[in-house]
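The residues making up each chain are set out below.
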Amino acid sequence: MAVREDIAETAVAATPRFGGLTVPAWQRLITIAALLVALALPLFLKNFHVFQLTLVMIYSIAILGLNLLTGINGQFSLGHSAFYAIGAYTTAVLMDRFGVPYFLTLPAAGIVCLVAGFLFGLPALRLEGLYLALATFALAVATPQLLKLSIFEHWTGGVQGIVIIKPDAPFGLPLSQDRWLYYFTLAILVLMFAAAMRLVGSRTGRALKAIRDNPLAAKAMGVDTALYKSLAFGVSALYTGVAGSLGAIVVQFVAPDSFTFFLAVSFLVGLVVGGVGWIPGALIGGIFIMYIPNLAEQVSKGLAWAVYGVILILVIYVMPTGAAGFVRLVAGRLNRLMSSNR
Amino acid sequence: MELFLHQLLAGIATGGIYACMALAVVMIYQSIDHFNFAQGEMAMFSTYIAWQLLAWGFPYWIAFILTIVISFIGGVVIERGLFKPIRNAPVLSHIIVFIAMFSILNSLAGFTWEYTIKSFPSPFPAQPLFNNRLIGAHDLGMIAITLILLVLLYVLFRHTRLGLAMRAAAANPDSARLVGIRVGWMVALGWGLAAAIGAVAGMMIAPVVFLEPNMMLGILLYGLAGAVVGGLTSPVGAVLGGFAVGIVENLAGTFVPVVGKELKLTIALVLIVAVLMVKPSGLFGRAAVSRV
């Protein structure tokens, strides 16, 4: 009996602890704390800031979608603005032309993007690395042109785009429209992140990661690479499409020129800054692409984008693997400090 | 028939622009194994330098050569200063630095020279050669310069020790280092060359599309399409691919009804994807083979 206790004790000592808590416990604690802050925050902020935070969450969902594709499955995409646009337009057309309530357009946008992503993923199967980046780059550049096309004008409103009406809080809740949309987006965000976590930890997630790390070995293990890669594209597009749909509702407006290549680049920047393959990194990426351009503009109006570029380079120099690597580094240091104190 | 011939020649003329850009794209791809998204902006910036030199009163060809030299040095400096420190960072981090460069160069050019559209002189006579009605002298000159560049590059890469060393450094950095090639400097040279070719492309394109900070965006995509169609490993393929894109763009724009002028860029997309589907290594490229 005494021997067993001994074994149990060493086992407990072997799991790394920071300040008396294990890593999963810390993660749970941080998640709960972040959620509480997120719930309380809009009550103390002006509507405009609430709106900005809502956009941060929307970008985070889009970046999460890209992360599932690039970070988990190892496929590049510079074309996610296209899926964001498809999501946004699905919602806008459904709301404006068919009078569908906004919350019902979300799943519709998701499904449309899932199919679109899956279909784009099929030919993309033949492409790898750089070539895939090129094909998706072309997709991003072509998207605004396709949206402006005169044969779709009846639906898309051409260059003018579509204006949609901002929804009120339901059940007579005493919330402003911006605050209501904040909580609505937060709920979707939590749902999407939880689903992504589950997906990555599942059998499917392991298959996706195996394809990223060694496609040949994955194939040899019996993973249907073609199916999983197309699926990854589809699911990734679904995430980004839902983000686009939310974006359309929150901004109340869609137009072809909101979905240029620049948007796809922003998502990529958010992904790398947050950390490729690290799910919570998407939030950090969302914060970065929302606030850093504004910050750069405050530094210098004329040279705002040059300042932004310099900030980007500095970030990559300081954290070559994004916030994920930085967090890992800090956690490692803390751990060593704790154990040396003991 | 007359219309067809006219559009074909117009296609070849615009194809010359894309061929120039495609050549620069392939050049840098050969030496660093990445695609540089800031390539177009580097070319644009070089063209502004040329414009500034001309405005200061330098004769055209002196400004031309000075711009090439400055761009070459600029390319080397960018590699040494920006990319050497993050040599071991993941590919995506490199792409972010390309994006950063893109926005810095674009913003800097707009700030220094303003966003107004400027005209840029052509070194070739305004009168069409031999008084033909089909193709302008500038277009012919541009094609000639692209072909000269191609020959020079061919000689450099196939028939000089330096070219061989550069190819070795790109193909297998570790082995190249073992036989005494200074891989770091070869990469820097590749950047310099790409910047110089980009400068030539920019100076040839600017008289056609006019000079402004965003002039290169569309052209870069077409150049890319050309490079991919021809094969990213083959300079000859890139040039031919560039011409092919120009011709297809013009003919499709004229003869396919819905496509018209609205979807010209989309043609580049369709072309890229179509070629990649059938022949992922491009029409003239070698298939990438890697040891497992």
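Because the structure is predicted, anything quoted here is derived from the model rather than measured.

*Asks:* How should I be thinking about the overall build of chain B in this particular structure?
*Replies:* Counting its regular elements, chain B contains 11 helices and zero strands. Counted from the first residue to the last, chain B has its helices and strands arranged as α-α-α-α-α-α-α-α-α-α-α. Computed over its C-alpha atoms, the radius of gyration of chain B comes to 19 Å, within 12% of the 19 Å expected for a compact globule of 292 residues. Projecting the C-alpha coordinates of chain B onto the three principal axes gives extents of approximately 60 × 50 × 35 Å. Excluding contacts between residues fewer than 6 apart, the proportion of contacts in chain B whose partners are at least 24 apart in sequence is 75%. Within chain B, the 10 negative side-chain charges are centred at a point lying 15 Å from the centre of the 15 positive side-chain charges.

*Asks:* Got a minute to help me understand the overall build of chain A in this structure?
*Replies:* What chain A contains, in helices and strands, is 15 helices and four strands. The C-alpha atoms of chain A give 22 Å as radius of gyration, which agrees with the globular expectation for 342 residues (20 Å, within 12%). Taken along its principal axes, the extent of the C-alpha atoms in chain A is 80 × 55 × 45 Å. Relative to its full complement of 342 residues, chain A shows a buried share of 50%. Sequence-distant contacts in chain A: of pairs separated by 6 or more residues, those separated by 24 or more amount to 79%. Summed over its atoms, the accessible surface of chain A is roughly 16400 Å², and 70% of this surface lies on carbon and sulfur atoms. Taking the 21 positively charged and 12 negatively charged side chains of chain A as two groups, their mean positions are separated by 6 Å.

*Asks:* Whenever I open this one, the pattern of salt bridges confuses me. Can you help?
*Replies:* Opposite charge on two side chains permits pairing when their charged atoms draw close. Residue and element names in this part refer to chain B. Enumeration over the complete set of coordinates arrives at four salt bridges over all chains. With its nearest N and O atoms 3.1 Å apart, the salt bridge here joins arginine 80 to glutamate 79. Judged by relative accessible area, which is 6%, glutamate 79 ranks as buried. The partner of aspartate 174 in a salt bridge is arginine 177, with the nearest N and O atoms 3.9 Å apart. One end of the pair, aspartate 174, and the other, arginine 177, are both in helix H7 (residues 173–178), three residues apart, so they sit about a helical turn from each other.

*Asks:* Could you clarify how one ought to interpret the environment of B:Ile12 in this entry?
*Replies:* Residue and element names in this part refer to chain B. Note that isoleucine 12 resides in helix H1 (residues 2–32). The class for isoleucine 12 is partly exposed, based on a relative accessible area of 25%. Not counting residues up to four positions away in its chain, the partners in contact with isoleucine 12 are Ile143, Phe243 and Ile247.

*Asks:* Looking at this structure, I do not really get the nonpolar core. What am I missing?
*Replies:* Most often, soluble globular proteins have nonpolar side chains that are buried together. Ranked by size, the top nonpolar core spans 202 residues in total, and within it A:Val269 and A:Phe288 carry the most contacts. Look past the residues within four positions of A:Phe288 in its chain and what remains in contact with it is A:Val269, A:Val273, A:Pro293, A:Tyr308, A:Ile311, A:Leu312 and A:Val315.

*Asks:* Is there a simple way to explain unusual backbone geometry in this structure?
*Replies:* Residues other than glycine predominantly adopt negative phi, and peptide bonds predominantly adopt the trans conformation. The backbone of A:Gln252 shows a phi angle near 65°, a positive value even though the residue is not glycine. Of note, A:Gln252 is situated in the loop between helix H11 (225–251) and strand E4 (253–254).

*Asks:* Help me understand the interface of chain A and chain B in this model?
*Replies:* It is common to give the size of an interface as the accessible area that goes away when the parts come together. Every contact between the two is made by 41 residues of chain A and, on the other side, 41 residues of chain B. Buried area between chain A and chain B, summed over both chains or domains, comes out near 3700 Å², and the portion from carbon and sulfur atoms is 81%. Here chain A and chain B share zero salt bridges between them. At the surface where chain A touches chain B, the tally comes to five residue pairs in polar contact (both at pLDDT 80 or more). Only helix H6 (129–148), helix H12 (261–274) and helix H14 (304–318) of chain A provide two or more residues apiece to the side of chain A that touches chain B. In terms of residue count, H6(A) provides more of the side of chain A that touches chain B than any other element does, 12 residues in total.

*Asks:* Please explain the packing of helix H6 (residues 161–171) of chain B against helix H8 (residues 183–209) of chain B as it appears in this structure.
*Replies:* Any two packed helices are characterised by the angle at which their axes cross and by the distance between the axes. All names here are of chain B. Interhelical geometry of H6 versus H8 gives an angle of 105° and a closest axis separation of 9 Å. Of the possible angle classes, the one that applies to H6 and H8 is roughly perpendicular. Contacts from Leu162, Ala165, Met166 and Ala169 of H6 reach H8 at Val183, Met186, Leu189, Gly190 and Leu193.

*Asks:* Please explain the confidence of the model for chain A as it appears in this structure.
*Replies:* Interpretation of this model should avoid reading the predicted coordinates in detail wherever pLDDT is low. Averaged over every residue, the pLDDT of chain A is 83; the share at 70 or more is 93%. The low-confidence segment residues 5–13 of chain A (pLDDT under 50) makes one contact with residues lying over four places distant or belonging to another chain.

*Asks:* Before we go on, may I ask you to explain helix H3 (residues 60–83) of chain B in this structure?
*Replies:* Structurally, the α-helix is built with 3.6 residues per turn, so residues lying three or four positions apart point the same way. Look at H3(B): 33 Å from first C-alpha to last across 24 residues, which is about the 34 Å you get at 1.5 Å a residue. Those residues of H3(B) lying buried are B:Tyr60, B:Ala63, B:Phe64, B:Thr67, B:Ser71, B:Gly75, B:Val76, B:Glu79, B:Leu82 and B:Phe83.

*Asks:* What's the story with a nonpolar patch on the surface in this structure? I'm lost.
*Replies:* All names here are of chain A. Taken together, the side chains of Tyr317, Val318, Phe326, Leu329, Val330, Leu334 and Leu337 define a hydrophobic patch exposed on the protein surface, amounting to about 630 Å² of accessible area. With five residues, helix H15 (residues 322–341) is the single largest residue contributor to the nonpolar patch. Using a relative accessible area of 37% as the deciding quantity, one classes valine 330 as partly exposed.

*Asks:* Which parts of the structure should I look at to understand the packing of aromatic side chains?
*Replies:* Each aromatic ring pair is characterised by the separation of its centres together with the angle its planes make. Considering all chains together, one arrives at 24 aromatic pairs over all chains under this definition. When the centroid spacing of 5.2 Å and the interplanar angle of 85° are considered together, the rings of A:Phe262 and A:Trp305 count as edge-to-face. Within this pair, whereas A:Phe262 is found in helix H12, its partner A:Trp305 is found in helix H14, the two being separated by 43 residues in sequence. Since its relative accessible area comes to 45%, A:Phe262 is described here as partly exposed. A connected cluster of aromatic rings, assembled from ring pairs, spans A:Tyr59, A:Tyr84, A:Tyr89, A:Phe259 and A:Phe267. Sitting over the ring of B:Trp185, B:Arg80 keeps its end group 4.4 Å from the ring centre. Across from the ring centre of B:Trp51, 5.0 Å away, lies the NZ or CZ of B:Lys118, which sits over that ring.

*Asks:* Teacher, can you tell me more about the environment of A:Leu125 here?
*Replies:* Residue and element names in this part refer to chain A. Take leucine 125: it is sitting in the loop between helix H5 (102–124) and H6. Classification of leucine 125 as partly exposed rests on a relative accessible area of 23%. Residues within four places of leucine 125 in sequence aside, it is in contact with Ala226, Lys229 and Ser230.

*Asks:* Help me understand the side chain of B:His138, please; the structure alone is not making it clear to me.
*Replies:* Residue and element names in this part refer to chain B. With respect to the helices, strands and loops of the structure, histidine 138 is situated in helix H5 (residues 137–159). Judged by its relative accessible area of 12%, histidine 138 is buried. Setting aside chain neighbours within four positions, we find histidine 138 in contact with Ser122, Pro123, Phe124, Met204, Pro207 and Val208.

*Asks:* Help me understand the environment of B:Val200 in this model?
*Replies:* Residue and element names in this part refer to chain B. Relative to the helices and strands, valine 200 is located in helix H8. Taking the C-alpha atoms as reference points, valine 200 and serine 46, 154 residues apart in sequence, are found 8.5 Å from one another. Residues within four places of valine 200 in sequence aside, it is in contact with Phe64, Ile68, Ile145 and Leu149.

*Asks:* Explain the packing of helix H2 (residues 23–40) of chain A against helix H8 (residues 177–201) of chain A to me, please; I cannot follow it from the model alone.
*Replies:* All names here are of chain A. Two numbers describe how H2 lies on H8: the axes approach to 10 Å, and their chain directions differ by 160°. Taken together, the axes of H2 and H8 are roughly antiparallel relative to one another. In the packing of H2 onto H8, the handedness of the crossing is right-handed. Where H2 approaches H8, its residues Leu35, Ala38 and Leu39 are matched on the opposing element by Tyr182, Tyr183, Leu186 and Val190.

*Asks:* Before we go on, may I ask you to explain the side chain of B:Ser103 in this structure?
*Replies:* Tracing the chain through its elements places B:Ser103 in helix H4 (residues 91–113). For B:Ser103, the side chain forms a polar contact with the main-chain oxygen of B:Ala100, separated by 3.1 Å. Not counting residues within four places of it along the chain, the set of residues in contact with B:Ser103 comprises A:Trp305, A:Ala306, A:Tyr308 and A:Gly309.

The rules behind the values
Residues numbered from 1 in each chain as written. Chains lettered and ligands numbered in written order. Predicted model: local features only at pLDDT ≥ 70, side-chain atom pairs only at ≥ 80, totals over all residues. Heavy atoms only, no water. Helix = DSSP H or I, 4+ residues; strand = E, 2+ residues; numbered from the N terminus. Rg over C-alpha atoms; globule rule 2.2 N^0.38 Å. Contact = heavy atoms within 4.5 Å. Lys, Arg positive; Asp, Glu negative; His and termini not counted. Charge placed at Lys NZ, Arg CZ, Asp CG, Glu CD. Buried < 20%, exposed > 50% of the residue type's maximum accessible area, 1.4 Å probe, protein only. Areas by Shrake-Rupley, 256 points an atom, 1.4 Å probe, with all protein chains shown as cover. Salt bridge = Lys/Arg side-chain N within 4 Å of Asp/Glu carboxyl O. Core = buried A, V, L, I, M, F, W, Y, C linked by side-chain atoms within 4.5 Å. Buried area = accessible area lost by both parts, 1.4 Å probe. Polar contact = N/O pair within 3.5 Å; in protein donor to acceptor, adjacent residues only side chain to side chain. Axes fitted to C-alpha atoms, helices over the stretch in contact; angles between N-to-C directions. Parallel < 35°, antiparallel > 145°, perpendicular 65-115°, else oblique. pLDDT = per-residue confidence, 0-100. Expected span 1.5 Å × (residues − 1). Patch = residues over 30% accessible without salt bridge, like charges linked within 9 Å, V, L, I, M, F, W, Y side chains within 5 Å. Phe/Tyr/Trp six-rings, centres within 6.5 Å; stacked < 30°, edge-to-face > 60°. Lys NZ or Arg CZ within 6 Å of the ring centre and 35° of its normal. Left-handed = near helix turned anticlockwise from the far one by under 90°.

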